[in-house]
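Read off the chains here:
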Amino acid sequence: AVQNDPHTTLVTETAPIANDTHGGRAKCLQRLVRLHLPVPHTVALSFDAVARIGKGNLPDVQAVVGQFPAGTLLCVRPSSQDPDWGGPGAVLNIGINDTRFEALCKTIGEKPAAALYTRFVQAYAVGVARLDPDMFDDVKGDGRLALQASLSAYEAETEEEFPQDPATQLAAVLRSMARAWDGTSARLLRQAKGAPADAGLGLVVQQMVFGVGTGQCGAGVLQLVDSDTGLPQITGRYLSQSQGRDALEGDAAALYLTCDPRGPSFEELVPEAFAELTAHASLMRQRLRAEMQVEFVIEDGKLHILDGVRVSRSSRASVRIAVALADDGIISREEALMRVQPRTLTELLHRQVDPRVKRDRIGRGIPASPGAATGKIVFNATEAQASAARGEPCILVRRETSPEDIRGMHAAQAVITERGGITSHAAVIGRGMGLPCVVGASNMHLNMAKRTITAPDGRVFTTGDEITVDGTKGEILAGAAAMQEAALDDTFTRLMEWAQDCADIGIRANADTPADAQTARNFNAHGIGLCRTEHMFFDPGRLTVMREMIFAATGEDRRAVLERLLPMQRDDFTQLFRIMQGQPVCIRLFDPPLHEFLPADKAGQRELAEALGLPLSQVTRRIESMTEYNPMLGLRGVRLGVTVPEIYEMQARAIFEATIEASRDGEPVVPEIMIPLVSARREVEMVKASVDAIAAAVRSERDATFTYRLGVMVETPRAALRAAEIAPHCAFLSFGTNDLTQMTYGLSRDDAGRFMSDYVQQGVFPEDPFHVLDQDGVGELLQLGAERGRKAQPGITLSICGEHGGNPESIAFCRDAGFDYVSCSPFRVPVARLAAAQLAI
Ligand code: PEP
Ligand code: MG
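Note that the coordinates shown come from a computational prediction; the quantities given were computed from them, not determined experimentally.

Rules behind the numbers
- Residues numbered from 1 in each chain as written.
- Chains lettered and ligands numbered in written order.
- Predicted model: local features only at pLDDT ≥ 70, side-chain atom pairs only at ≥ 80, totals over all residues.
- Helix = DSSP H or I, 4+ residues; strand = E, 2+ residues; numbered from the N terminus.
- Buried ≥ 20, exposed ≤ 12 C-beta atoms within 10 Å, placed from the backbone.
- Contact = placed C-beta atoms within 7 Å.
- Pairing = 2+ DSSP bridges.
- Axes fitted to C-alpha atoms, helices over the stretch in contact; angles between N-to-C directions.
- UniProt positions renumbered as here; feature names shortened; annotations may be inferred.
- Expected span 1.5 Å × (residues − 1).
- Arc of directions from axis to C-beta.
- Domains from an automatic or database assignment.

1. Quick notes on the overall build of the protein chain
And then number 1: Within the protein chain, the regular secondary structure consists of 33 helices and 31 strands.
And then number 2: Along the first, second and third principal axes, the C-alpha atoms of the protein chain reach 105 × 60 × 50 Å.
And then number 3: A buried classification covers 51% of the 841 residues belonging to the protein chain.
And then number 4: Taking the intrachain contacts of the protein chain between residues at least 6 apart in sequence as the baseline, contacts between residues at least 24 apart amount to 68%.

Structure below.
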């Protein structure tokens, strides 16, 4: 019956077994059988069969037992579709009873036979009879006495004899494993790992090979690569007179597999079996096309292969393993690309807290910029700079950051803010700089007056205390945590080259400074998609000039101060153009409200009054008069361009003069100029007229020729809706999805961090829309804008430059919408590129 029943099928070369009917383990075992490896007799139970068992409908257990040579013991192991989804633990030595025990005593000896029986009694008691594992705590030693004690404990608890019929034992084990899979916690656990609600469980019933008995007996695991580094290295453990994965239980008696200075090895103990085992492992790598961990048993010197599972691996190992398999011709480059998760690349690009260390967590927030760093707490930019001058690494802790903090961020190793979300100032700047950053860390209490942070458990930290920021996980840890360095090696570079060959959507970088541009260049970005020019004014040397410009009483005065900013901006742009060597560079004209550049506290205002030679009261009054209730919706972006045109005029001139400068010694530069926060056609017409006039003036003054491309940032809903009338004036539209998300939802990007986690936890939003593009709402505006813009101006370049540009799901959306490129923080370029390649494969 069994042979004809696809639901309880003997694993042979031809049996109908598939991942999605019998699970990954059953399928893998069939592959091993096809490779003629010494795999013990195995029967696979399908998902359907196990589901029926769970409901109380057992298959013909006698028939299953009948598939195995008479008198053999069996083991049952789970076989889910994806090994990551878990499953109940394996049960070994099923079928042993008093009679078989006595018989085994004669063939393999009393002590090993007792060990087999004891193990089964205890596993049965805990797994099937659901008894408390602690009841066996007093069972000491091994041999017949331990067996008797285990049996007595079982019988005392259950008031029944230990079942002696092998078929009854097997039926009970199958039932308990099927039911364990249906338990609530198992269900939640696997769903958290991405398993569908109806994920099935298969089971494999396998003939036991004893790792105990006479001659050399034992069990172990072997793999050909190191799980941490992914480098070729035979690793694993072997324990004589053991079963299952006992060798991995930290037993000091377990041997290393190959010659090892730490002690004797399996290789020295049984050289032939070792040679056979490594040959099998290589064959498995070759034919299963993956690095496998091989589970094996030696019985009286003879090797048996019980199982193979994919080697567990760190992020860096996953890259090395995929590239090595492709290099060896085992898988294609495309397949290697598909095997690396884009998100895991983030872990290679930055230092990380060593995943093996225990974490002393004192706070958590939004993981705003990945990587980790340790340093002493400082509470403002001045302290950060002083700390840096002393050569002491520091962590800048702020309620939130503003342009004034930029110099502190440059001096610090990492930043924590109590407020803010994924697109807040600290987050955007941190990502751009590659500086680890946690924002919205509101579960730590920050007292700026006392200069303390208090952890949820009451511990207080102050200036000079050492902490670690884990920007990848969004955690703050006490003290210095052990780190793992970034791993940008040759394999990473090669994988990126392959990705570049496959990807069919451009990847640009958001870069504001020469350092950012250099990072973008190193990651082979296809240009700069967004240069936020205002970041250039945060430099301490320029901030005062900037403030002078803001305080200018008349347009004439303002022009005079801008004259001093002009050469600085020209240098900025010349450097960017040179670094990007002929790649497009898209420069966004000035965007933020001017008052962001003014000091918020009295001390700063006093300093400013001194620098400007004005009375303090006048400075304070002026600052107050510029304050806005809703600055993100106030006088900023193109609205400044219209009302204070001198700033954009200076920037346009700086861009064109830099264009001439950089084209002198390299390829001709074609700058892209982008207008932010547009909501009306007339805004574009006005700025375009002014920029055209500056271009004409510079051409004639310098007697030079150059072209440029003018574009609009679509970041208000109205700009998306009115794209048809805006597009005819531009060469490109770039969707600024940070502001567009903010305005579509009416959700402040700087304040949403306070309640976003509640919203996500309660399922109001599936995810933070500042992090993952809201395809339904904001996405519809993107589609509308793209369609209307393209219809009015066929061939117009379309792109996205909000933070979503580096998010794999959002990239998929943009690719489907026919966008030309996405632009993201320089350090996310590799992640975006791999995601783009996977979409194209
Ligand atoms: C945006 O709004 O999406 C954008 C890229 O601009 P910023 O983040 O500078 O407002
Ligand atoms: Mg914006």
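2. Details of the sheet that holds strand S13 (residues 366–369)
And then number 1: The mixed open sheet is built from 8 strands, whose spatial order is S12-S22-S21-S14-S15-S16-S17-S13. The outermost strands of the open sheet, each flanked by one partner alone, are strand S12 (361–364) and S13. Each neighbouring strand pair of the sheet contributes to a mean axis angle of 30°, computed without reference to strand direction.
And then number 2: In terms of strand pairing, strand S15 (residues 394–398) meets strand S16 (residues 414–417) through 4 bridges, oriented parallel. By the bridge assignment, Leu396 is partnered in S16 with Val415.

3. What to know about the UniProt feature "binding site: substrate" (unreviewed entry) in the protein chain
And then number 1: Here, the residues flagged by UniProt with the feature "binding site: substrate" (unreviewed entry) are Arg532, Arg588, Glu715, Gly736, Thr737, Asn738 and Asp739.
And then number 2: Position of Glu715 among the secondary structure elements: in the loop between strand S28 (709–714) and helix H27 (717–721).
And then number 3: Judged by the 25 C-beta atoms lying within 10 Å of it, Glu715 falls in the buried class.
And then number 4: Those residues within four positions of Glu715 in sequence are excluded, and the remaining contacts are Pro676, Leu677, Gly736, Asp739 and Leu740.
And then number 5: Judged by the 29 C-beta atoms lying within 10 Å of it, Thr737 is buried.
And then number 6: In contact with Thr737, other than residues within four places in its own chain, are Leu773, Val778, Ile800, Gly802 and His804.

4. So, the sheet that holds strand S30 (residues 797–800)
And then number 1: Pairing in this closed barrel of 8 strands is parallel, and the strands run S24-S25-S26-S27-S28-S29-S30-S31 around the ring. Mean inter-strand twist for the sheet, computed between neighbouring axes without regard to direction, equals 25°.
And then number 2: Of the pairings in the sheet, the one linking strand S27 (residues 672–675) to S28 comprises 4 bridges and is parallel in character. Counted as the bridge partner of Ile673 is Leu710 from S28.

5. Some words on helix H7 (residues 144–158)
And then number 1: An ideal rise of 1.5 Å per residue puts 21 Å on 15 residues; H7 measures up with 21 Å between its terminal C-alpha atoms.
And then number 2: Of the residues making up H7, those classed as buried are Ala146, Leu147, Ser150 and Tyr154. One face of H7 carries all of its buried residues, which in axial projection span an arc of 105°. Seen from the buried face of H7, the exposed residues on the opposite side, beyond 90 degrees, are Ser152 and Ala156.
And then number 3: Next to the buried residues of H7 lie helix H6 (110–127).
And then number 4: Two residues or fewer past H7, Glu159 is found with a positive phi of approximately 55°.

6. Description of the domain arrangement of the protein chain
And then number 1: Once the domains are mapped, the protein chain shows domain 1 (2–207), domain 2 (218–313), domain 3 (354–484) and domain 4 (503–593 + 628–840).
And then number 2: For domain 3 and domain 4, the distance between their C-alpha centres works out to 28 Å.
And then number 3: Residue-level contacts link 16 residues of domain 3 with 19 residues of domain 4.
And then number 4: Of all the elements in the fold, those that place two or more residues in the side of domain 3 that touches domain 4 are helix H16 (406–411) and helix H17 (425–433).

7. What to know about the UniProt feature "domain: PEP-utilising enzyme mobile" (unreviewed entry) in the protein chain
And then number 1: With numbering matched to this structure, UniProt assigns "domain: PEP-utilising enzyme mobile" (unreviewed entry) to residues 392–474.
And then number 2: Between the first and last C-alpha atoms of residues 392–474 the distance is 23 Å; the span itself is 18% helix and 31% strand.

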